[in-house]
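One letter stands for each residue in the lines below.
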Amino acid sequence: MGLSEKIINSGQKDLIVQDCCTMIDAQLASKSGISGMTLKAAFAALKGIQPGYIPNVIESLLPVCLTAIDPIWSEGVEQGEPVKYLTANSKRTANALLGVTDERVKNTKRQIVRGTYEKLRNSAEKHVQEAVPDLAQVIGKYANN
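Quick caveat: nothing in here was measured; it's all calculated off a predicted structure. (Residues numbered from 1 in each chain as written. Predicted model: local features only at pLDDT ≥ 70, side-chain atom pairs only at ≥ 80, totals over all residues. Heavy atoms only, no water.)

**Details of helix α3 (residues 33-47)**
At 3.6 residues per turn, the α-helix brings residues three or four places apart onto the same side.
And then number 1: The terminal C-alpha atoms of α3, which comprises 15 residues, lie 21 Å apart, in line with the 21 Å expected from a rise of 1.5 Å per residue.
And then number 2: Of all the positions in α3, only G36, L39, A42 and L46 are classed as buried. In an axial view of α3, the angular spread of the buried residues amounts to 130°, which keeps them on one side of the axis. Residues I34 and M37 are exposed on α3 and point more than 90 degrees away from its buried face.
And then number 3: Contact partners of the buried residues in α3: α2 (13-30), α4 (53-79) and α7 (111-143). (Helix = DSSP H or I, 4+ residues; strand = E, 2+ residues; numbered from the N terminus. Expected span 1.5 Å × (residues − 1). Buried < 20%, exposed > 50% of the residue type's maximum accessible area, 1.4 Å probe, protein only. Arc of directions from axis to C-beta. Contact = heavy atoms within 4.5 Å.)

As C-alpha cells, this is what we get:
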C-alpha cells in the first residue's frame, strides 16, 4: 500500500489537513524580511478567496503530493528511518511537491492563484525545502499509525 492510500484510508484525513495548515502557518510565522512579507501577503490573498480555501487546497492536493513523494518515503522505509530520509532528501522532496503544484496551477482558472504562484515560484524551492522536516514529521505521525 502506498503512502497516499495508507494515510488517506487511515480515517484521519481531516487531522492531517489540520496539521498541514498548522505547519504552513508556523512556517509563514518564521519568515522575516522582504521575502517573508511577500509570502505572508500572498497567503493572506489566497485565504481571502473564500473561507477554508487553504484547507480545501491541501485536502485536494494531499493524495497527489503523497503519491509524488512515496518513492522517497519508501526508500526511507527500506533504510528504517523514513522521516529522517525524507528530511535528508529535502531538495528532491521539494521538487516532487513543486511538480504537483506546478501542474495544478497550469490548470487553474483562478487568475489570483496563478498570478500569486508565478510570482513566488522562483523562491518556492527554498521555502518548500525548509518546510520538509516539519512535513516529514506530520507524515510520519500518520503513516506510522
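**Comments concerning the state of the cysteines**
And then number 1: This structure, assessed with the given rule, holds 0 disulfides.
And then number 2: Cysteine C20 shares no disulfide, and the gap to the nearest cysteine sulfur, in C21, comes to 7.2 Å.
And then number 3: Judged by its relative accessible area of 6%, C20 falls in the buried class.
And then number 4: With no disulfide of its own, C65 lies closest to C20 among cysteine sulfurs, the gap being 8.9 Å. (Disulfide = S-S within 2.5 Å.)

**Some points on the packing of α2 against α4**
And then number 1: Between α2 and α4, whose axes approach to 9 Å, the crossing angle comes to 120°. In terms of their interaxial angle, α2 and α4 are classed as oblique. For the pair α2 and α4, the crossing hand works out as right-handed. Residue-level inspection shows K13, I16, V17, C20, C21 and I24 of α2 in contact with α4, the latter providing I54, P55, I58, E59 and L62.
And then number 2: In the contact of α2 with α4, the residues fall into 9 nonpolar, no polar and 2 charged. (Axes fitted to C-alpha atoms, helices over the stretch in contact; angles between N-to-C directions. Parallel < 35°, antiparallel > 145°, perpendicular 65-115°, else oblique. Left-handed = near helix turned anticlockwise from the far one by under 90°. Nonpolar A, V, L, I, M, F, W, Y, C, P; charged D, E, K, R; others polar.)

**A look at α2**
And then number 1: A rise of 1.5 Å per residue sets the reference length of α2, with its 18 residues, at 26 Å; its end C-alpha atoms lie 26 Å apart and thus fit the reference within 8%.
And then number 2: Buried-residue contacts for α2 involve α1 (3-8), α3, α4 and α7.

**Observations concerning the nonpolar core**
And then number 1: By size, the foremost hydrophobic cluster in this structure holds 36 residues, and its most contacted members are L3, I7, I69 and I139.
And then number 2: Among the secondary structure elements, those contributing two or more residues to this core are α1, α2, α3, α4, α5 (82-88), α6 (90-106) and α7.
And then number 3: Considering every element that reaches this core, the biggest residue donor is α4, with 10 residues. (Core = buried A, V, L, I, M, F, W, Y, C linked by side-chain atoms within 4.5 Å.)

**Quick word on the side chain of T93**
And then number 1: By the element assignment, T93 lies in helix α6.
And then number 2: In terms of polar contacts, T93 uses its side chain to reach the backbone carbonyl oxygen of L86, at 3.4 Å.
And then number 3: The contacts of T93, once residues within four sequence positions are left out, are I69, I72, L86 and V132. (Polar contact = N/O pair within 3.5 Å; in protein donor to acceptor, adjacent residues only side chain to side chain.)

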